[in-house]
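Overview (structure and organization)
The chain contents come next:
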Amino acid sequence: VIPGWFSEISPMWPGEAHSLKIEKILFQGKSDYQDVMVFQSATYGKVLVLDGVIQLTERDECAYQEMITHLPLCSIPNPKKVLVIGGGDGGVLREVARHSSVEHIDICEIDKMVVDVSKEYFPDVAVGYEDPRVTLHVGDGVAFLKAAQEGSYDAVIVDSSDPIGPAQELFEKPFFASVAKALRPGGVVCTQAESIWLHMHIIEDIVVNCRQIFKGSVNYAWTTVPTYPSGVIGFMLCSTEGPEVDFKNPINPIEANQNQNTSIGPLKFYNQEIHAAAFCLPSFAKKVIEAK
Ligand code: AAT
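It should be emphasised that the depicted structure is a prediction, and the values quoted were computed from it without experimental measurement. (Residues numbered from 1 in each chain as written. Predicted model: local features only at pLDDT ≥ 70, side-chain atom pairs only at ≥ 80, totals over all residues. Heavy atoms only, no water.)

Val156, Phe214 and Met236 are the most contacted members of the largest nonpolar core, which totals 42 residues. The leading source of residues in this core is helix α7 (residues 200-213), at 7 residues. Not counting residues within four places of it along the chain, the set of residues in contact with Met236 comprises Val189, Cys190, Thr191, Ala193, Ile206, Val207, Cys210, Val218, Asn219 and Tyr220. Membership of the second largest hydrophobic core comes to 36 residues, among which are Val84, Tyr129, Val188 and Ile233. (Core = buried A, V, L, I, M, F, W, Y, C linked by side-chain atoms within 4.5 Å. Buried < 20%, exposed > 50% of the residue type's maximum accessible area, 1.4 Å probe, protein only. Helix = DSSP H or I, 4+ residues; strand = E, 2+ residues; numbered from the N terminus. Contact = heavy atoms within 4.5 Å.)

Further remarks concern the packing of aromatic side chains. Under the definition given, this model contains 6 aromatic pairs. Taking the centre distance of 6.2 Å and the plane angle of 50° together, the rings of Phe27 and Tyr121 count as tilted. In this pair, Phe27 is assigned in strand β2 (residues 19-30) and Tyr121 in helix α3 (residues 112-121), connecting sequence segments 94 residues apart. Accessibility expressed as a relative area gives 22% for Phe27, which makes it partly exposed. Measuring from ring centre to ring centre gives 5.3 Å for Tyr64 and Tyr228, while their planes differ by 80°; the resulting arrangement is edge-to-face. Here Tyr64, found in helix α1 (residues 61-73), pairs with Tyr228, found in the loop between β11 (218-224) and β12 (232-239); they are 164 residues apart in sequence, far enough to count as distant. Look at Tyr64 and you get buried, because its relative accessible area is 3%. Grouped by ring-pair contacts, the aromatic residues Tyr64, Tyr228 and Phe235 constitute a single cluster. Its end group placed over the ring of Tyr44, Arg59 keeps NZ or CZ at 4.2 Å from the ring centre. Above the ring of Tyr153, the side-chain terminus of Lys81 is found at 4.5 Å from the ring centroid. (Phe/Tyr/Trp six-rings, centres within 6.5 Å; stacked < 30°, edge-to-face > 60°. Lys NZ or Arg CZ within 6 Å of the ring centre and 35° of its normal.)

Our focus in this paragraph is the site of the ligand. By nearness alone, 30 residues border the ligand, and Asp89, Glu109, Asp140, Gly141 and Asp159 come closest of all. Measuring from a nitrogen atom of the ligand, one finds a side-chain N or O atom of Asp162 at 2.9 Å. A distance of 3.4 Å separates a nitrogen atom of the ligand from a polar atom in the backbone of Ala167. Considered on its own, the ligand offers 670 Å² of accessible surface; in the complex 99% of this is hidden by protein. Mapped by element, the contributors of at least two residues to the shell around the ligand are β5 (53-57), α1 and β7 (104-109). Here the element with the most residues in the shell around the ligand is β5; it accounts for 3 residues. Here the shell around the ligand is built from residues that sort into 13 nonpolar, 11 polar and 6 charged. (Near = heavy atom within 4 Å. Polar contact = N/O pair within 3.5 Å; in protein donor to acceptor, adjacent residues only side chain to side chain. Areas by Shrake-Rupley, 256 points an atom, 1.4 Å probe, with all protein chains shown as cover. Nonpolar A, V, L, I, M, F, W, Y, C, P; charged D, E, K, R; others polar.)

Following the criterion strictly, the structure yields 0 disulfides and no others. Summary of cysteine pairing: Cys280 is not part of a disulfide, and the nearest cysteine sulfur, belonging to Cys190, is at 16 Å. (Disulfide = S-S within 2.5 Å.)

With that out of the way, let us pick up the environment of Ser31. If you trace the backbone, Ser31 turns up in the loop between β2 and β3 (35-41). According to the relative accessible area criterion, Ser31 is buried, its value standing at 13%. Along the backbone, Ser31 and Lys112 are 81 residues apart, and their C-alpha atoms lie at a distance of 8.2 Å. When neighbours within four sequence positions are excluded, Ser31 is seen to be in contact with Val36, Asp111 and Met113. Polar contacts involving the side chain of Ser31 include one to the main-chain amide nitrogen of Tyr33, which spans 3.0 Å. Only 2.7 Å separates the side chain of Ser31 from the side chain of Asp111, close enough to count as a polar contact.

Below is the structure:
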């Protein structure tokens, strides 16, 4: 460990640790679920860290939040009711709120401290909470989905931390089954699905489970996020049986459907070309994912 630097050390990426130079530690706390830290970095703006793992930085959060949101929402016509699991920072809410067709947004985040800290230190991310369509539920996403009304959501976005800690069950088969149940026919889910460089075994398991549960389409997409382990992160996109969803050819361009009267800034990362490109996989990943 280098003094004055933050190093992201975890058994989920053994033998490597990305480091950022710390200018100032702004917050350190312990919630009922995890250690929470915010620091000012030298080159990536403010950084939110949970249990020693980077959740977002001001500089590159757009690459993650825009992709995890618009990949699913731009793939279906007129999304109206959307559920976000995790994502307590509000960044995914900010992105969902761009869609003028959306009427209601539920968010279920387990840790109230993440919400409070984000509102204080990341106003451009937590701005998502200001949208009147948002209802916040503080609790476990697994329990929330079990209790959700059947067939009630057009889209579910699972913005979850890594499967060590409170998010473990969000990567397991029973959870995917309750997501499928909560979706309408032809509804879509997009879940954080780790890195093709580090976690092919986790991705393989997710793909196997999702192919059994989601009878529509099942696809893997990815994006670059320099401050996530290995610099890339992926998403599992699935649809339930019903009207067909072709994730690779988005039919609901955000450019046309944007909510005009908001205080959110313009898109920084997502566009239609990068949407289609996100589904192109390197050969080593394609072999594993498409064989399942
Ligand atoms: N948008 C920032 C990226 C994240 S945040 C993940 C969120 O999921 C955290 O706020 C965490 O508290 C919440 N969470 C974890 N488990 C649960 C649960 N069971 N129910 C509801 N919310 C939960 C993801 C960063 C990915 C990091 C990649 N290395």
